[in-house]
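# Analysis of the macromolecular model
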Amino acid sequence: MKPLLETRNLVMRFGGVTAVNEVDFLLEEGELRCLIGPNGAGKSTFFKCLTGQYIPTAGEILFRGKPITGLNSHDIARLGVGIKTQVPNVFNGLSVQENIWVSARRGRTPRMTARIVEEAMARVGIADLAARAVGELAHGQRQLVELAIVLAAEPALILLDEPAAGMTHEETERLAAIIREINRTQALIVVEHDMQFVRMIARKVTVFHQGAVLVEDDVEAVMRDARVRDVYLGKRVAA
Amino acid sequence: MVPRFLLGTLATTAAGIAITILIPMVADAFEVMQYTLYVVLGIYTLSLAYIWGLGGILCFGQGAFFGLGGYTFAIAAINMNETTVPFLMAIFIAATVAAALGYFMFYGRLSDVYLGVVTLVFTLIIWKLINSTAGPEYMIGTARLGGFNGIPSVPPLNVPGDPSRMFDPVEVFYIAAFFLIATYLLLKFIQATRFGRLSVAVKENEVRASLLGYDVRMIKLLVFTIGGAIAGLGGALYAAYQSFIDPNAFSLEMSAKVLIWVMAGGVGTFVGPLLACFGLQALSIWISTVPWANSLLVLGGILCFVVLLLPKGLLPGLADLSTWLMARARRRTPPEVILPAPEGKRA
Ligand SMILES: Nc1ncnc2c1ncn2[C@@H]1O[C@H](COP(=O)(O)OP(=O)(O)OP(=O)(O)O)[C@@H](O)[C@H]1O
Ligand SMILES: [Mg+2]
């Protein structure tokens, strides 16, 4: 079977900075992958390449075997890639319900849309916020709203960039449960710094360091890996 | 039950119709003609209130489409001795030019600042061009462009299909008012459609909209084109009611004052900009009779006042003020109860 997502030799440079460096990445259908790495490792840039927000300097991105390198964001989204960005991208002036409506409405009848909006709010547990303006919510709540927005589009692949940031402990636990539940039907890549959170959800973990893949293994092995500890503690990695 | 937003729209429409009927009853024909100017400028105002308020497109050269509508109508009407087709042509040409300029701006991914500059330069280039066509050699068919003198003797509107039956000034006022109210209702309708709601989403956050699979460029292009068509409609009525059009439609002032009206009235609303347009236009006409005052200076002053004191504009600002006053009135009694009891009486 073809992998859901594949990158070959993916490179993204900004002037002299190489944010993503020759990354070969494979994600199977239905997989849940955690992507970790210290600040500036290139995780968000990798996501932006996958979603067409940046055009990669070199390399190839394949979604279900189809090359999507350099396509417009909206074309990639239509193929079934959804993303929750690191800095929440929501419609601040609109209500929670309207936000999710915009996502759910594409390609659907009004009736289906209404159902999906209700479902997405219930799934994430924000039904009581439906009428609130998103701009006035707390950061953690906005993260949940953005997650519901992404879910309502029903993408085959969901990218989450630090979804637990700004969340309370209870919210984080609920998020972990939601992610596991989403994974029953969809594949995910989750960027997260919080190792405890990673342990709650992950099987396989990919570690980025200075734009390149440092280690890729299952979660316990990665936690034990000396190189991973070193990059997180800011030590130099022996080549 | 009628939803609340519909109630507001119906009330506004009813008020508009009532005023339309009332004005010719209390004013003579000459005064009615002056009121027609307000109505025409109102349509022009709605064109910017729409693209800015619902599409987030800040256009510094909306006068270009108003002027193109006016010139198209004037030139075509002089050539055809009839006004129905020229009227439609005016809307069509303004929309087409807006679509072409919009395509270049949105598909070229121009940032908002450059978009403002490009639209402004665009209208000023047309202004320059038209100004330089004073010589008799500049003709389109039988119409002389006239340069800075403008085009006089534009045929007045006639009954569709019967060029010999022309509308009188009061009838032209009714026609203009009809188009103003129709435009308002059209925009309210668009606002409620899927497309209208999506354009607001694009205005709120382009990145999010495109990450959800929406082609932001296309949505903005459509909004901009509709705005151009409405401005063209206003321009056609402008040339028709006064039987005249000149290059000032393309001037900086024409594009700047509509920005001020929309900003003062409140970006995101329709009635606010309309009220600001009527009020501030009346003010500048009055100021022009005062020898020592300059209407542009006063408009600038009002703009500063609005930006500093009512940053959301007149209508949203007044709404905020009233909720604040109401909250204050409600809070008035309880604080006295909460006040600590005098020291001596404490247990
Ligand atoms: N638009 C840009 N222009 C220039 N440099 C950039 C740009 N975007 C990212 N970078 C650089 O690329 C590198 C990787 O940044 P990126 O945001 O992808 O890291 P990250 O792994 O997501 O970090 P964090 O954990 O802090 O979110 C950084 O050195 C950053 O400064
Ligand atoms: Mg990041």
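Residues numbered from 1 in each chain as written. Chains lettered and ligands numbered in written order. Predicted model: local features only at pLDDT ≥ 70, side-chain atom pairs only at ≥ 80, totals over all residues. Heavy atoms only, no water.

## Description of the confidence of the model for chain A
- Averaged over chain A, the pLDDT score is 92; the fraction of residues at 70 or greater is 97%.
- Looking at the elements of chain A, mean pLDDT is at its lowest for helix 9 (residues 226-233) of chain A, recorded as 83, and at its highest for strand 6 (residues 81-84) of chain A, recorded as 98. (pLDDT = per-residue confidence, 0-100. Helix = DSSP H or I, 4+ residues; strand = E, 2+ residues; numbered from the N terminus.)

## Comments concerning the sheet that holds strand 4 (residues 58-63) of chain A
All names here are of chain A.
- The antiparallel open sheet is built from four strands, whose spatial order is 2-1-4-5. A strand with exactly one partner marks an edge of an open sheet, and here the two such strands are strand 2 (17-27) and strand 5 (66-67).
- Here five bridges tie strand 1 (residues 5-14) to strand 4, and the two strands are oriented antiparallel to one another. Pairing of glutamate 6 across the sheet is with leucine 62, part of strand 4.
- The strands touched by helix 1 (residues 43-50) are strand 1, strand 2 and strand 4; relative to strand 1, the strand with the most contacts, the crossing angle is about 115°. (Pairing = 2+ DSSP bridges. Contact = heavy atoms within 4.5 Å. Axes fitted to C-alpha atoms, helices over the stretch in contact; angles between N-to-C directions.)

## Observations regarding the pattern of salt bridges
Residues and elements named next belong to chain A.
- Tallying each qualifying case throughout the model produces 17 salt bridges over all chains.
- For glutamate 60, the salt bridge goes to arginine 8, with nearest N and O atoms at 3.7 Å. You can see glutamate 60 sitting in strand 4 and its partner arginine 8 sitting in strand 1, a full 52 residues away along the chain.
- By relative accessible area, which is 31% here, glutamate 60 ends up partly exposed.
- For arginine 8, a relative accessible area of 39% corresponds to the partly exposed category.
- Between glutamate 216 and arginine 33 there is a salt bridge, with the nearest N and O atoms lying 3.2 Å from each other. In this pair, glutamate 216 is assigned in strand 10 (residues 212-218) and arginine 33 in strand 3 (residues 32-36), connecting sequence segments 183 residues apart.
- Taking the relative accessible area as the measure of exposure, arginine 33 reaches 0% and is therefore buried.
- Each of Glu6, Arg8 and Glu60 takes part in one network of salt bridges that share partners. (Salt bridge = Lys/Arg side-chain N within 4 Å of Asp/Glu carboxyl O. Buried < 20%, exposed > 50% of the residue type's maximum accessible area, 1.4 Å probe, protein only.)

## Structural notes on the side chain of Ser251(B)
Residues and elements named next belong to chain B.
- Along the chain, serine 251 falls in the loop between helix 9 (216-242) and helix 10 (252-265).
- By relative accessible area, which is 9% here, serine 251 ends up buried.
- Engagement of the side chain of serine 251 in a polar contact is seen with the backbone oxygen of asparagine 248, the distance being 2.6 Å.
- In this view, serine 251 contacts Leu124 and Trp127; residues no more than four positions away in its chain are not counted. (Polar contact = N/O pair within 3.5 Å; in protein donor to acceptor, adjacent residues only side chain to side chain.)

## Describing the coordination of the magnesium ion (ligand 2)
Residues and elements named next belong to chain A.
- Bound to the magnesium ion (ligand 2) on the protein side are Ser44 (OG) and Gln86 (OE1), at distances that span 1.9 to 2.0 Å. Of this pair, serine 44 sits in helix 1 while glutamine 86 is found in the loop between strand 6 and helix 3 (96-105), placing the two residues 42 residues apart along the sequence.
- Glutamine 86 sits in the partly exposed class, given a relative accessible area of 37%. (Donors = N, O, S within 2.8 Å, 3.2 Å for Na, K, Ca; no water.)

## Focus on the sheet that holds strand 10 of chain A
Residue and element names in this part refer to chain A.
- In spatial order, the strands read 6-7-8-3-9-10; together these six strands make up an open sheet with mixed pairing. Edge positions in the sheet fall to strand 6 and strand 10, since each of these pairs with one other strand and no more. The average angle at which neighbouring strand axes cross in this sheet is 20°, direction not considered.
- The sheet contact formed by strand 3 and strand 9 (residues 204-209) spans four bridges and is parallel. Directly across from arginine 33, in strand 9, lies its bridge partner lysine 204.
- Each of strand 3, strand 6, strand 7 (157-161), strand 8 (187-191) and strand 9 is contacted by helix 1, which is oriented at about 150° to strand 7, the strand it contacts most.

## Details of the interface of chain B and chain A
- Taken together, the 18 residues of chain B in the interface contact 27 residues of chain A.
- When the buried area of chain B at its contact with chain A is split by residue, Arg208(B), Leu211(B) and Leu212(B) rank highest and sum to 33% of it.
- Inspection of the chain B/chain A interface yields two salt bridges.
- One can count 14 residue pairs in polar contact (both at pLDDT 80 or more) joining chain B with chain A.
- Elements that contribute at least two residues to the side of chain B that touches chain A include exactly helix 7 (194-204) and helix 8 (206-211) of chain B. (Buried area = accessible area lost by both parts, 1.4 Å probe.)

## Concerning the site of ligand 1
Residue and element names in this part refer to chain A.
- The environment of ligand 1 is formed by 14 residues, the closest being Asn39, Gly40, Lys43, Ser44 and Thr45.
- A distance of 2.9 Å separates an oxygen atom of ligand 1 from a polar backbone atom of glycine 40.
- Glycine 42 is positioned such that a nitrogen or oxygen atom in its backbone is 2.9 Å from an oxygen atom of ligand 1.
- Here ligand 1 has 640 Å² of accessible area as a free molecule, and 64% of this is covered by the chains.
- For the shell around ligand 1, the leading source of residues is helix 1, giving three residues.
- Across the shell around ligand 1, the residue classes break down as five nonpolar, seven polar and two charged. (Near = heavy atom within 4 Å. Areas by Shrake-Rupley, 256 points an atom, 1.4 Å probe, with all protein chains shown as cover. Nonpolar A, V, L, I, M, F, W, Y, C, P; charged D, E, K, R; others polar.)

## Digging into the domain arrangement of chain B
Residues and elements named next belong to chain B.
- The domain boundaries assigned to chain B delineate domain 1 (4-250) and domain 2 (253-330).
- Each of domain 1 and domain 2 was reduced to a C-alpha centroid, and the two centroids are 21 Å apart.
- Every contact between the two is made by 30 residues of domain 1 and, on the other side, 19 residues of domain 2.
- Between domain 1 and domain 2 the total buried area reaches about 2000 Å² when both faces are included, carbon and sulfur atoms providing 82% of it.
- When residues of domain 1 are sorted by the area they lose upon contact with domain 2, Tyr38, Thr45 and Trp52 head the list and together hold 31% of the total. (Domains from an automatic or database assignment.)

## Quick look at the packing of aromatic side chains
Residues and elements named next belong to chain B.
- According to the stated counting rule, one finds 18 aromatic pairs over all chains in the structure shown.
- When the ring of phenylalanine 73 is compared with that of phenylalanine 87, the centres are 6.5 Å apart and the planes differ by 90°; the resulting orientation is edge-to-face. Of this pair, phenylalanine 73 sits in helix 3 (residues 63-80) while phenylalanine 87 is found in helix 4 (residues 84-107), placing the two residues 14 residues apart along the sequence.
- With a centroid separation of 5.3 Å and 75° between ring planes, the pair formed by phenylalanine 178 and phenylalanine 179 is classed as edge-to-face. (Phe/Tyr/Trp six-rings, centres within 6.5 Å; stacked < 30°, edge-to-face > 60°.)

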